[in-house]
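# A look at the structure
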Amino acid sequence: MIYFDNNATTPLDERVFEAMLPFMKMMYGNPSSVHRLGRIAKSAIETAREQVSELVDAQPSQVIFTSGGTEANNLAINSAFGRVVISAVEHPSVSEPAKHYNPEIIAVNRDGLIESQTITALIEKRPDFVSIMLANNETGVIQSISDIAAQLNEQGIIIHTDAVQAVGKIHVSFKKLGVQMMSVSSHKIYGAKGCGALIVDKSVSSVSPLLLGGGQEQNYRSGTENIAAIVGFGKAAELAKAELDARQTRMLSLRTMLENKLAQFSKVTLFSQAALRLPNTVLFGIDGVDGEMVLLKLDQRGVCVSSGSACSSGETEPSHVLLAMGISLQQAKTAIRVSLSHQNTPAEVLEFIELITPFGF
Ligand SMILES: Cc1ncc(COP(=O)(O)O)c(C=O)c1O
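Residues numbered from 1 in each chain as written. Predicted model: local features only at pLDDT ≥ 70, side-chain atom pairs only at ≥ 80, totals over all residues. Heavy atoms only, no water.

If you trace the three strands from one edge of the open sheet to the other, you get β9-β10-β12, paired in antiparallel fashion. The sheet terminates laterally at β9 (268-270) and β12 (335-339), the two strands that pair on one side only. Averaged over all neighbouring strand pairs, the angle between strand axes comes to 30°, with direction disregarded. Pairing analysis gives five bridges linking strand β10 (residues 281-286) to β12, with the strands arranged antiparallel. Within β12, the residue paired with Gly285 across the bridge is Ala335. (Pairing = 2+ DSSP bridges. Helix = DSSP H or I, 4+ residues; strand = E, 2+ residues; numbered from the N terminus. Axes fitted to C-alpha atoms, helices over the stretch in contact; angles between N-to-C directions.)

This is how it looks when you write it as structure tokens:
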């Protein structure tokens with residue numbers, strides 16, 4: 001099998017699994033308990049908090065563990081107020097909860113980038129809360145969040161960024177980005193599913209909890225913690241930090257190889273080519289060929305890719321991201337997303353190219 005769908009989810013790293021195991025077996029204490037098993041669990045969470053904070057260059061106290069990227073985004077948006085603005089290419093876990101605020105939607109250009117004049121025009125409208133993703137899950141396009149945040153911060157505007165796809169693939173510093181809230185997810189960095197965090201600068205922004213109860217996670221997220229998953233997230237974060245440069249180099253060399261091969265096909269269009277992108281993501285289309293059909297054919301040959309946003313798989317609607325970029329409905333339907341991992345090999349890229357060759361000319 002060739003797994004090229006790492007933006008949908010990554011396999012669990014063996015070392016992460018090993019770290020999680022004891023917390024699914026003998027270390028079953030509730031971290032709120034005062035006895036030794038409780039204290040072991042509590043201390044494991046705090047270690048994980050440090051590991052996650054180190055990966056994203058934040059303070060441990062700024063890390064609020066959640067059930068994933070979706071909850072982190074919902075928690076951030078639940079804390080929005082006044083005039084809310086989001087970009088046209090946000091993940092549904094931002095755009096859906098934002099609907100409660102009747103948000104203004106800001107446009108991206110043909111490459112999927114928000115242009116600086118769009119931000120200048122936005123500031124004139126005096127928004128209160130802005131949410132713009134750091135890297136897009138479909139195109140891999142990276143927005144200039146630190147520049148945008150600097151301009152918004154000057155006006156006292158709160159900014160949240162969904163960094164779920166960026167973390168573990170590029171260097172992400174919460175401090176340097178200058179945002180007040182940032183969402184991250186464990187299963188995109190070889191950790192377990194159902195775990196994530198919202199990183200919050202509490203000196204600037206106030207968080208409105210979604211879940212009330214026992215007051216866990218500094219009162220921001222009640223509910224007995226998913227210890228094993230949190231411990232795994234911590235371990236995955238530690239590994240991602242230690243191996244980031246090597247992983248990036250590996251992914252980028254595979255992506256370059258794939259793109260160079262794809263560029264030789266007369267019918268292939270590579271989307272967002274001119275923009276700065278994640279080192280692992282390639283979104284392309286083959287003229288006149290339905291992306292969903294290619295996906296199914298590849299699946300029969302043991303190759304896993306996505307035809308758009310994996311989070312909305314099963315949905316046959318064309319990608320809202322490509323439509324927002326001004327790509328025609330017809331061309332958007334051709335989209336195929338390859339999202340690589342450092343665990344992939346050049347041989348897999350070559351096999352993939354061979355399999356799609358009949359469609360590409
Ligand atoms: C950009 C982005 N944000 C948020 C999420 C949701 O994260 P989770 O699956 O951890 O809920 C995803 C998942 O694909 C994503 O790609």
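Bringing the nonpolar core into the picture now. The biggest cluster of nonpolar side chains holds 67 residues, and the ones touching the most others in it are Phe65, Met182 and Ile199. At 10 residues, helix α8 (residues 227-262) tops the list of elements feeding residues into this core. Inspection of this core shows a minimum of three residues originating in each of domain 1 (2-8 + 244-360) and domain 2 (14-240). In this structure Ile199 touches Val56, Ala58, Gln62, Val63, Phe174, Gln180, Met181, Met182 and Val184, once residues within four positions along its chain are discounted. Val303, Val338, Leu340 and Ile356 belong to the second largest nonpolar core, which has 26 residues in total. (Core = buried A, V, L, I, M, F, W, Y, C linked by side-chain atoms within 4.5 Å. Buried < 20%, exposed > 50% of the residue type's maximum accessible area, 1.4 Å probe, protein only. Domains from an automatic or database assignment. Contact = heavy atoms within 4.5 Å.)

What follows concerns the sheet that holds strand β2 (residues 63-66). Spatial strand order, β2-β8-β7-β6-β5-β3-β4: seven strands in an open sheet with mixed pairing. Sheet topology places β2 and β4 (104-106) at the edges, where each strand pairs with a single neighbour. Looking at each pair of strands side by side, their axes are set apart by 20° on average, direction ignored. Across three bridges, the pairing between strand β5 (residues 129-131) and strand β6 (residues 158-162) is parallel. By the bridge assignment, Phe129 is partnered in β6 with Ile158.

The next subject is the environment of Ile2. Among the structural elements, Ile2 can be located in strand β1 (residues 2-3). Remark: the alpha-carbon pair of Ile2 and Glu50, spanning 48 residues in sequence, is separated by 34 Å. Look past the residues within four positions of Ile2 in its chain and what remains in contact with it is Gly302, Val303, Cys304, Glu348 and Glu351.

Right, let's get into the pairing of strand β7 (residues 181-185). In terms of residue burial, β7 counts as a mostly covered element, since five of its five residues are buried. Burial of the side chains of β7 extends over both faces: Met181, Ser183 and Ser185 are buried on one face and Met182 and Val184 on the other. Here β6 pairs with β7 via three bridges, running parallel. Bridge pairing in β7 places His160 opposite Met181. Note that β7 and strand β8 (residues 196-200) share five bridges and pair antiparallel. If you follow Ser183 over to β8, its bridge partner there is Leu198.

Under the counting rule described, the total for this entry stands at one cavity of 30 Å³ or more. In this structure, the largest cavity occupies an estimated 60 Å³ of space. Forming the boundary of the largest cavity are Asn6, Thr10, Gly168, Lys169, Lys188, Ile189, Tyr190, Arg247, Met251, Asn280, Leu340 and His342. (1 Å grid on protein atoms, 1.4 Å probe; cavity = no way out; pocket = protein on both sides within 12 Å on 5 of 7 lines; lining within 4 Å. Points joined across faces, edges and corners; volume = space filled by probe spheres on them.)

Next up on the list: the domain arrangement of the protein. In terms of domains, the protein is made up of domain 1 (2-8 + 244-360) and domain 2 (14-240). Distance from the C-alpha centre of domain 1 to the C-alpha centre of domain 2: 26 Å. At the junction of the two partners, domain 1 supplies 34 residues and domain 2 supplies 30 residues. Taking both partners together, domain 1 and domain 2 bury about 2800 Å²; carbon and sulfur atoms supply 53% of that area. (Buried area = accessible area lost by both parts, 1.4 Å probe.)

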